[in-house]
Amino acid sequence: MDKIMFLVQGSADVPYEVTFAKKNNNLSAHCTCPAGENSLYCKHRINIMHGIADGVVSPNKNDVGLIKTWLSGTDVEAALREVMEKEELLDKAKQALSFAKKKLAKAIRD
């Protein structure tokens, strides 16, 4: 099993520990932030899986790219892709709603 731990500066004074473990074609990730400790969506893990090293304060910052390769072909990759697709749909729905509200506001003025 391969394991990599990062220190990520979040909102707390002390950086969070974000740990990734790869065993065969399985990827697991843990973060010591409040969301991570409660098994909830955690931006620290997600950012690293996207290859984003913002906030990583440990000397192994360059290993962030390695995690992205570990993600390939896992069930985590499929779930992450689904979240990204739903976020895109939500953004489009928000834009459509904003347009509809502007249209309503104009109709009310006329």
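**Q** Can you walk me through the sheet that holds strand E1 (residues 2-8) in this structure?
**A** The strands that make up a sheet pair up through hydrogen bonds in the backbone, lying either parallel or antiparallel. Sheet architecture is open: 3 strands sit in the order E1-E2-E3, paired in antiparallel fashion. Each having just a single partner strand, E1 and strand E3 (26-31) make up the two edges of the open sheet. Taken pair by pair, the neighbouring strands of this sheet meet at an average axis angle of 15°, ignoring direction. By the bridge criterion, 6 bridges tie strand E2 (residues 16-23) to E3 in an arrangement that is antiparallel. Looking at E3, one finds that Val18 is bridged to Cys31. Sheet strands touched by helix H3 (residues 64-71): E1, E2 and E3. Its angle to E1, the strand with the most contacts, is close to 135°.

**Q** What's the story with the pairing of E2 in this structure? I'm lost.
**A** For a regular strand, the rule is simple: side chains alternate between the two faces of the sheet. Relative to E2, E1 is paired through 7 bridges, and the arrangement is antiparallel. When the sheet's bridge partners are listed, Phe6 is paired in E2 with Val18. Between E2 and E3, which pair antiparallel in sequence order, lie 2 residues; one of them, Asn24, sits at a positive phi of approximately 55°.

**Q** Would you mind showing me how to read the side chain of Thr74 here?
**A** Checked against the element boundaries, Thr74 lands in the loop between H3 and helix H4 (75-109). A polar atom in the side chain of Thr74 sits 3.1 Å from the backbone nitrogen of Glu77. Setting aside its immediate chain neighbours within four residues, Thr74 contacts Asn25 and Leu27.

**Q** How should I be thinking about the nonpolar core in this particular structure?
**A** Taken as a class, soluble globular proteins show a tendency for nonpolar side chains to be buried jointly. In terms of nonpolar packing, the biggest core is built from 20 residues, with Phe6, Phe20, Ile48, Met49, Val56 and Ile67 touching the most fellow members. For this core, the elements supplying multiple residues, two or more each, are E1, E2, E3, helix H2 (43-49) and H3. For this core, the element with the most residues is H3, which contributes 4 residues. With near-sequence residues (within four places) excluded, Ile67 lies in contact with Ile4, Phe6, Phe20, Ile48 and Met49.

**Q** What am I meant to see in the side chain of His44 here?
**A** Secondary-structure assignment places His44 in helix H2. Those residues in contact with His44 that sit more than four places away from it in its chain are Val8, Gly10, Tyr16, Val18, Cys31 and Cys33.

**Q** What am I meant to see in the packing of aromatic side chains here?
**A** Note on aromatic pairs: each is described by the distance of the centres and the angle between the planes. Counting across every chain of the model gives 1 aromatic pair. The interplanar angle of 75° and the centroid separation of 6.2 Å between the aromatic rings of Phe6 and Phe20 together place this pair among those described as edge-to-face. With Phe6 in strand E1 and Phe20 in strand E2, this pair connects stretches of sequence that are 14 residues apart. Overall, the relative accessible area of 0% leaves Phe6 in the buried class. Looking at Phe20, the relative accessible area reads 0%, which means it is buried.

About the criteria used
Residues numbered from 1 in each chain as written. Predicted model: local features only at pLDDT ≥ 70, side-chain atom pairs only at ≥ 80, totals over all residues. Heavy atoms only, no water. Pairing = 2+ DSSP bridges. Helix = DSSP H or I, 4+ residues; strand = E, 2+ residues; numbered from the N terminus. Axes fitted to C-alpha atoms, helices over the stretch in contact; angles between N-to-C directions. Contact = heavy atoms within 4.5 Å. Polar contact = N/O pair within 3.5 Å; in protein donor to acceptor, adjacent residues only side chain to side chain. Core = buried A, V, L, I, M, F, W, Y, C linked by side-chain atoms within 4.5 Å. Buried < 20%, exposed > 50% of the residue type's maximum accessible area, 1.4 Å probe, protein only. Phe/Tyr/Trp six-rings, centres within 6.5 Å; stacked < 30°, edge-to-face > 60°.

Spatial relationships are all this shows, so hold off on functional conclusions.
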